[in-house]
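# Examination of the molecular architecture
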Amino acid sequence: MKSAVTKAKEARPVLQQKDFLTLHALDGSEMMALLDEAVKLKKETKAGVHKPYLQGKVLGMIFEKASTRTRVSFEVGMQQLGGNAIFLSKQDIQLGRGESNADTAKVLSRYVDGLMIRTFGHDIIETYAKEATIPVINGLTDMHHPTQVLADLLTIYEYKGKLAGLKLAYLGDGHNNMCHSLIEGAVKTGIDMTIACPAGYEPDDGIYQTMKQEAEENGSTLTCSENPIEAVTNADIVITDVWASMGKEAESEERHFHEFQVNQTLCQHANEDYIFLHCLPAHRGEEVTADIIDGPHSVVFDEAENRLHVQKALLKILLSNE
Ligand code: CP
Ligand code: NVA
């Protein structure tokens, strides 16, 4: 006979939260369950099987910033799951004329089954989550890009067959959405992460200290320095991102992080079978050289494809009535 604890665990939904705003909100087992679901859905998709798990469901997608991958992968993902997605550009809805985020959240909750939002301040998406009665998914804020990092973790898992115990080096802007979500994703899954960034561009101290403590508790490591060679030495995974994220373009001139460029000289220090990831879009010749991003260690297009599969898993879990 099953114990009450076992029964309770079995009954527990894969995600405890209504919304998906950061990876910090998940525990390691929830993250692995999401990745398992993504593996299952990817297999089905590759076999040409598209089960209508979300028949009749509609996802609203508010974009305050540009997007290729996020927009298309969420829209196609909803269609493959039997539902629909509506693209809502800020300029085209009343949000652009000053209607509040709170009112927008309340109104859209009456029409659609979930909201995906790409915006600036993380507080904006927190307002949506608070005011909406439907699940809210973070499609990128200035501070976090959690669906991208889910895709990164799936890609790493596919290439390396595991997550815990690997060494991940991140180079460049440490105070951006990708670095913050990578910190949370790495620590939650037991990956050892080293960050090399210029002084003044370190990760948010609150996120860094919280996750460093969590890493110590789970036996993994999280470090940050200004030394790119030290970061990349013996790395299994090398990741970078643009030097100036969306909204920071005015600072492009002062963000010349050449010492942190991912190039052949630097990557000689990584493990022979290292993989290179970049969320894209990339600037060849800036944060990464063309021979690396277009070379044999690069898995950036598998990484981009995996946005579709992990987001389908997330949508299925958050929006289905099962
Ligand atoms: N990686 C990513 O989020 O790409 P888009 O900006 O094209 O959505
Ligand atoms: N850090 C980048 C990621 C783009 C997908 C940005 O915010 O512009």
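Rules used in this analysis
- Residues numbered from 1 in each chain as written.
- Chains lettered and ligands numbered in written order.
- Predicted model: local features only at pLDDT ≥ 70, side-chain atom pairs only at ≥ 80, totals over all residues.
- Heavy atoms only, no water.
- Helix = DSSP H or I, 4+ residues; strand = E, 2+ residues; numbered from the N terminus.
- Contact = heavy atoms within 4.5 Å.
- Phe/Tyr/Trp six-rings, centres within 6.5 Å; stacked < 30°, edge-to-face > 60°.
- Buried < 20%, exposed > 50% of the residue type's maximum accessible area, 1.4 Å probe, protein only.
- Near = heavy atom within 4 Å.
- Polar contact = N/O pair within 3.5 Å; in protein donor to acceptor, adjacent residues only side chain to side chain.
- Nonpolar A, V, L, I, M, F, W, Y, C, P; charged D, E, K, R; others polar.
- Areas by Shrake-Rupley, 256 points an atom, 1.4 Å probe, with all protein chains shown as cover.
- Pairing = 2+ DSSP bridges.
- Axes fitted to C-alpha atoms, helices over the stretch in contact; angles between N-to-C directions.
- Arc of directions from axis to C-beta.
- Core = buried A, V, L, I, M, F, W, Y, C linked by side-chain atoms within 4.5 Å.
- Right-handed = clockwise from strand over helix to strand, strands pointing away.
- Expected span 1.5 Å × (residues − 1).

### Let's talk about the side chain of Thr189
With respect to the helices, strands and loops of the structure, Thr189 is situated in helix H7 (residues 177-189). Sequence-distant contacts of Thr189, defined by excluding residues within four places in its chain, comprise Met31, Met32, Leu153, Leu163 and Ala164.

### Notes on the packing of aromatic side chains
According to the stated counting rule, one finds 3 aromatic pairs in the structure shown. With 5.5 Å between their ring centres and 40° between their planes, Phe63 and Phe87 make a pair best called tilted. Of this pair, Phe63 sits in strand S1 (residues 58-63) while Phe87 sits in strand S2 (residues 84-89), and the two are 24 residues apart along the sequence. Using a relative accessible area of 32% as the deciding quantity, one classes Phe87 as partly exposed. Aromatic rings pair up to connect Tyr201, Trp243 and Phe257 into one cluster.

### Looking at the site of ligand 1
Around ligand 1, the structure places Ser67, Thr68, Arg69, Thr70, Arg118, His145, Gln148, Cys279, Leu280 and Arg307. Taking Gln148, its side chain carries an N or O atom lying 2.9 Å from a nitrogen atom of ligand 1. One of the side-chain nitrogen or oxygen atoms of Arg307 is found 3.1 Å away from an oxygen atom of ligand 1. Residues belonging to the shell around ligand 1 are distributed by class as follows: 2 nonpolar, 5 polar and 3 charged.

### Details of the site of ligand 2
As a structural note, the neighbourhood of ligand 2 is formed by Leu140, His145, Asn176, Asn177, Asp241, Val242, Ser245, Met246, Cys279 and Leu280. One nitrogen or oxygen atom from the side chain of Asp241 is found 2.6 Å from a nitrogen atom belonging to ligand 2. Protein chains bury 94% of the 270 Å² of accessible surface belonging to ligand 2 in isolation. Classifying every residue of the shell around ligand 2 gives 5 nonpolar, 4 polar and 1 charged.

### A few points about the sheet that holds strand S5 (residues 167-171)
A sheet is described by the order of its strands in space; here 5 strands give the open sequence S7-S6-S5-S8-S9, paired in parallel fashion. Strands with a single pairing partner mark the edges of an open sheet, and in this sheet they are strand S7 (222-225) and strand S9 (275-278). Each neighbouring strand pair of the sheet contributes to a mean axis angle of 20°, computed without reference to strand direction. Strand direction decides the pairing type here: S5 and strand S8 (residues 237-240), joined by 4 bridges, are parallel. Looking at the pairing, Tyr170 lines up with Ile239 of S8. Lying over the sheet, helix H6 (residues 146-160) contacts S5, S8 and S9, oriented at roughly 165° with respect to S9. The strands touched by helix H8 (residues 205-218) are strand S6 (192-196) and S7; relative to S7, the strand with the most contacts, the crossing angle is about 135°.

### Looking at helix H4 (residues 101-109)
Owing to its 3.6 residues per turn, the α-helix aligns residues three or four sequence positions apart on the same side. Taken residue by residue, H4 has Ala102, Thr104, Ala105, Leu108 and Ser109 as its buried positions. Down the axis of H4, the buried set is contained in an arc of 165°. They therefore lie on one face. Looking at the packing, one finds that the buried side of H4 touches S1, S2, strand S3 (114-118) and helix H5 (122-131).

### Observations regarding the nonpolar core
Of all hydrophobic cores here, the largest spans 57 residues; its most connected members are Leu168, Ile183, Met193, Ile195, Leu222 and Leu315. Excluding anything up to four places from it in sequence, Ile195 contacts Tyr170, Cys179, Ile183, Pro203, Tyr208, Leu222, Thr223, Cys224 and Ser225. Among the nonpolar cores identified, the runner-up in size contains 24 residues, and Ala169, Ala196, Ala235 and Tyr274 belong to it.

### Details of the pairing of S2
Each regular strand shows side chains that alternate between the opposite faces of the sheet. Strand direction decides the pairing type here: S1 and S2, joined by 6 bridges, are parallel. Along S2, the bridge assignment pairs Ile62 with Leu88. Crossover S1 to S2 through helix H3 (residues 69-80) is right-handed.

### Some points on H6
Across its 15 residues, H6 extends 21 Å between first and last C-alpha, which sits within 8% of the 21 Å expected from 1.5 Å per residue. Taken as a whole, H6 has its buried residues at Pro146, Thr147, Gln148, Val149, Leu150, Ala151, Asp152, Leu153, Leu154, Thr155 and Ile156. In the stretch just after H6, Gly161 is the one whose phi turns positive, near 75°.

Just geometry here; none of it tells us what the structure is for.
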